[in-house]
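# Tertiary structure, described
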Amino acid sequence: MPSEKDQPILVPILGDQLTRTLASLRGRTKDDTVVLMMEVMDEATYVKHHKQKIVLIFSAMRHFAAELEDAGWTVDYVRLDDDGNAGSFTGEVARAVEEHDPRAIHVVEAGEWRVQQQMEEWADKFDCEVEILPDDRFVCPIAEFREWADGREAHLTMESFYRDMRRKTGLLMNEDGKPAGGDWNFDKDNREPPPKDGLDPPPRPTFEPDDITREVIELVEDRFGDHFGSLESFEWPVTRDQAEKAADAFLSERLEKFGPYEDAMVHGQDDLYHSILSTSLNLGLLDPIDLCERAEKLYRDGKAPINSVEGFVRQIIGWREYIRGFYWYHMPHLQKANALNAQRGLPEFFWTGETDMRCLADCIRSTRDNAHAHHIQRLMVLGNFCLLAGIDPSEVQDWYLVVYADAYEWVELPNVAAMILYADGGKLATKPYAASGNYINKMSDYCKECTYSVSKKTGEGSCPFNSLYWHFMDRHRDRLESNHRVGRVYATWDRMGDEKKDAYRDTAQAFLDGLTPAGPDYAR
Ligand code: FAD
Ligand code: DLZ
Ligand code: SF4
């Protein structure tokens, strides 16, 4: 029997915990620690993730393990195809406990509720102490959000949370305690449509697959060839150095115009001025506060305007933190929320991209080719469609979790269930993000070459968003009419004659009846 002194601490590091300063590594000595990293079938298949997402996670994990080993850590790295791979986190921790006989397991809490449930069983399952540490890579600990949210459940507005995070971090705060630039929020300066002569953003840096990534690409083609998405090109940053290069390029080349064109959409231009840093942030390759401080410095040095810098900081210490807090506050019931009783199956074109609706086709193409679409495409094209068409939240949740390389349930689920589908009944959004074709036409160049006519409201060839919008408003009148932010829409509806109303209802119904549902096999 080895003495306790000889027994190591086992430190499992999950696929989205690739941070050298992770709480479970800090303060540990290399000679009495075994790091455990696990590629497991359960995680690769609980939904059929986009192929690029699996390549990204496995490749980033393998690079991170190599970095740790180079730095002198002992890493027990389990590859997907290793003999005896138990296929699950708990199964692999059990094998590691057997092999290394640790005196304790130190692990950082999981990003996802599902995985956290497994972790919480480890103390009973294994004959050693198990310590689950808070994930302090976020600004707002889960317990702090709970305290903030308790008692104000009906008014969990992002804006008041965001101001608290500004005060807490000191980001964009002046010495007198007032917000930099004289305002907390420059949202009104974040809504420029694309100019008529187009936009010309510098391309983001791309990263050629090295030997490690190429090996993973082969594995994924071989084992997950039937999953959604293209692997024709794979350009994601998979190491901290690459992620830093991507961040440098964003801050120096695209941040300036990030603010004004945050909500713009242009056919075939997939990135515009967005940072495309969510995959690196969520894997732990970039530190969110460091990124915000660098953006703030550019503002303080007069190199970037306040509407861009504030907009970017708001997305990260506002939305990203708020969404995470909201997830843990409302789990597990958020998964089943369906306040609008939406029952329709997800249309098959979400997987094939085969639709004449040019806006949707472009967003789905970008999603398939890049495992990415930018925020306003996810919200106001894809999300708006699912809301208006009444697609079952569980099918929409699966789709978003599968298709985006940055998708983990903690960030995907609140955005889908609460932000786009209003399935939580309005705890997150004060009103549904419902819009007709007008909005898409104003903020993009999609409509000018679409088969459908955005200016035609009903009947053959009319933009489906136009009739779906009124169909949605009409069928949810009971719930929405009393909402003061929506109520006046019904005054417009009531002014329409019966014939016009019926034309909207009939056009939308015919469109909905013509949709082919995808069925379950694409996602699970
Ligand atoms: P930028 O536009 O450059 O924004 C900067 C950063 O802010 C992002 O990298 C991200 O970390 C953060 N951010 C911005 N908006 C949000 C938000 N609403 N929630 C959380 N963080 C935000 N983001 C994910 O990381 N994973 C997801 O699975 C995901 N699913 C989404 C689903 C829907 C329906 C919607 C509407 C949004 C979703 N988002 C998700 C948020 C957002 O669309 C992406 O973070 C963003 O498009 C990533 O691209 P970017 O890095 O260029 O972001
Ligand atoms: C998404 C994913 C995939 C595809 N594969 C793994 C894996 O093999 N090993 C791993 O550690 N993590 C993986 N992940 C991420 C997890 O599913 C999960 O999202 C995070 O651990 C957050 O709880
Ligand atoms: Fe989309 Fe309608 Fe515009 Fe076509 S006309 S691109 S369907 S909003």
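Described in the following lines is the structure provided in the data block. Note that the structure is predicted; figures quoted are calculated from it, not measured. Residue indices follow the written sequence of each chain, beginning from 1 at its first position. Here chains are named by letter from A upward and ligands by number from 1 upward, in the order in which they appear as written. A pLDDT threshold of at least 70 governs which residues receive local features in this predicted model, and a stricter bar of 80 or more applies before side-chain atom pairs are shown or counted, although totals over entire chains, interfaces and linings include all residues. Hydrogens and water molecules were not included; the side-chain quantities draw on all heavy atoms of the structure.

## A few points about the packing of helix α9 (residues 240-258) against helix α12 (residues 306-330)
Stated formally: Lines fitted to the C-alpha atoms define the axes, with helices restricted to the stretch that makes contact. Angles between their N-to-C directions range from 0 to 180 degrees. To qualify as a helix, a DSSP run of H or I must reach at least 4 residues; to qualify as a strand, a run of E must reach at least 2; elements of each kind are numbered from the N terminus. Orientation categories follow fixed angle ranges, with anything under 35 degrees roughly parallel, anything over 145 roughly antiparallel, 65 to 115 roughly perpendicular, and all other angles oblique. Throughout, a residue-residue contact means that at least one pair of heavy atoms, one from each residue, lies within 4.5 Å. Under the convention adopted here, Pro, Cys and the residues Ala, Val, Leu, Ile, Met, Phe, Trp and Tyr are nonpolar, Asp, Glu, Lys and Arg are charged, and Gly plus all remaining residues are polar.
Contact geometry for α9 and α12: axes closest at 7 Å, N-to-C directions at 100 degrees. When the interaxial angle is binned, α9 and α12 end up roughly perpendicular. The residues of α12 that touch α9, namely those facing F250, L255, E256, K257 and F258, are S308, V309, G311, F312 and Q315. Tallied by class, residues from the contact of α9 with α12 come to five nonpolar, three polar and two charged.

## Overview of the pattern of salt bridges
Selection rule: When a carboxyl oxygen of Asp or Glu is within 4 Å of a side-chain nitrogen of Lys or Arg, the pair counts as a salt bridge. For every residue, the accessible area (1.4 Å probe, protein chains only) is compared with the maximum for its type, and the residue is labelled buried under 20%, exposed over 50%, or partly exposed between those bounds.
One pass over the full model with this rule turns up 38 salt bridges. Taking the shortest distance from any N to any O, the salt bridge between R26 and D136 comes out at 2.5 Å. Of the two residues, R26 is situated in the loop between β1 (9-12) and β2 (33-38) and D136 in the loop between β5 (129-133) and α6 (142-149); the sequence distance between them amounts to 110 residues. Accessibility expressed as a relative area gives 41% for D136, which makes it partly exposed. Taken together, the shared-partner salt bridges connect D270, D362, R365, R368 and D369 into one network.

## With respect to the sheet that holds β1
The following threshold applies: Strands are treated as partners if at least two bridges between them are detected by DSSP.
Pairing in this open sheet of five strands is parallel, and the strands run β3-β2-β1-β4-β5 from one edge to the other. Edge positions in the sheet fall to β3 (74-78) and β5, since each of these pairs with one other strand and no more. Strand after strand, the sheet turns through a mean of 20 degrees between neighbouring axes, direction not considered. Taken strand by strand, helix α2 (residues 51-70) contacts β2 and β3, and its axis lies near 160 degrees from that of β3. Along the sheet, helix α3 (residues 89-100) contacts β1, β2, β3 and β4 (104-108); its crossing angle with β2, the most-contacted strand, is approximately 150 degrees.

## A short note on the site of ligand 1
As a reminder, the rule being used: Nearness is judged by heavy atoms alone; a residue qualifies as near a molecule or strand once a single heavy atom is within 4 Å of it. Polar contact is the term for a pair of N or O atoms within 3.5 Å; when the atoms are in protein, one must be able to donate a hydrogen and the other to accept it, and sequence-neighboring residues count only if both atoms are side-chain atoms. Using a 1.4 Å probe, accessible areas were evaluated by the Shrake-Rupley method; residue-level cover was limited to the displayed protein chains.
Close contacts around ligand 1 come from 29 residues, with H274, S275, I276, N282 and D406 the closest. Between an oxygen atom of ligand 1 and a side-chain N or O atom of N282, the distance comes to 2.9 Å. Side-chain polar atom of H375 to an oxygen atom of ligand 1: 3.0 Å apart, as the coordinates give it. For ligand 1, whose free accessible area comes to 810 Å², the fraction covered by protein is 99%. At the level of elements, α10 (278-283), α12, α15 (375-389) and α17 (409-420) are the ones that each hand at least two residues to the shell around ligand 1. Residues of the shell around ligand 1, tallied by class, amount to 16 nonpolar, nine polar and four charged.

## Considering the side chain of E310
Mapped onto the elements, E310 comes out in helix α12. With relative accessibility at 0%, the residue E310 sits in the buried group. At 3.0 Å, the side chain of E310 forms a polar contact with the backbone nitrogen of F186. With near-sequence residues (within four places) excluded, E310 lies in contact with Y162, R166, L172, W184, N185, F186 and D187.

## Side note on the pairing of β1
Residue alternation in β1 divides its side chains into two sets, I9 and V11 and L10 and P12, and both sets are buried. For β1 and β2, the ladder comprises four bridges, and the chain directions are parallel. Considered in β2, the bridge of V11 is made with V35. Here β1 pairs with β4 via two bridges, running parallel. Bridging from a neighbouring strand, L10 pairs with I105 of β4.

## So, the packing of aromatic side chains
Definition in use: Two aromatic rings, drawn from Phe, Tyr or Trp (for Trp, its six-membered ring), form a pair once their centres lie within 6.5 Å of each other, and the interplanar angle then sorts them: stacked below 30 degrees, edge-to-face above 60, tilted otherwise. Whether a charge lies above a ring is judged from NZ of Lys or CZ of Arg, which has to be within 6 Å of the ring centre and within 35 degrees of the ring normal.
Per the counting criterion, the structure on display carries 30 aromatic pairs. Between F250 and F258, the aromatic rings sit 5.9 Å apart at their centres with planes inclined by 85 degrees, giving edge-to-face as the arrangement. Pair check on accessibility: F250 and F258 agree, each one buried. Both rings, one in W470 and one in Y504, keep their centres 6.2 Å apart while their planes meet at 50 degrees; by these two values the pair is tilted. Taken together, the residues span a long stretch of sequence, with W470 in helix α19 (residues 464-475) and Y504 in helix α22 (residues 498-513) at a distance of 34 residues. K53 extends its terminal NZ or CZ atom over the ring of Y408, reaching a point 5.9 Å from the ring centre. The lysine or arginine in question, R114, covers the ring of Y46, its NZ or CZ lying 3.6 Å from the ring centre.

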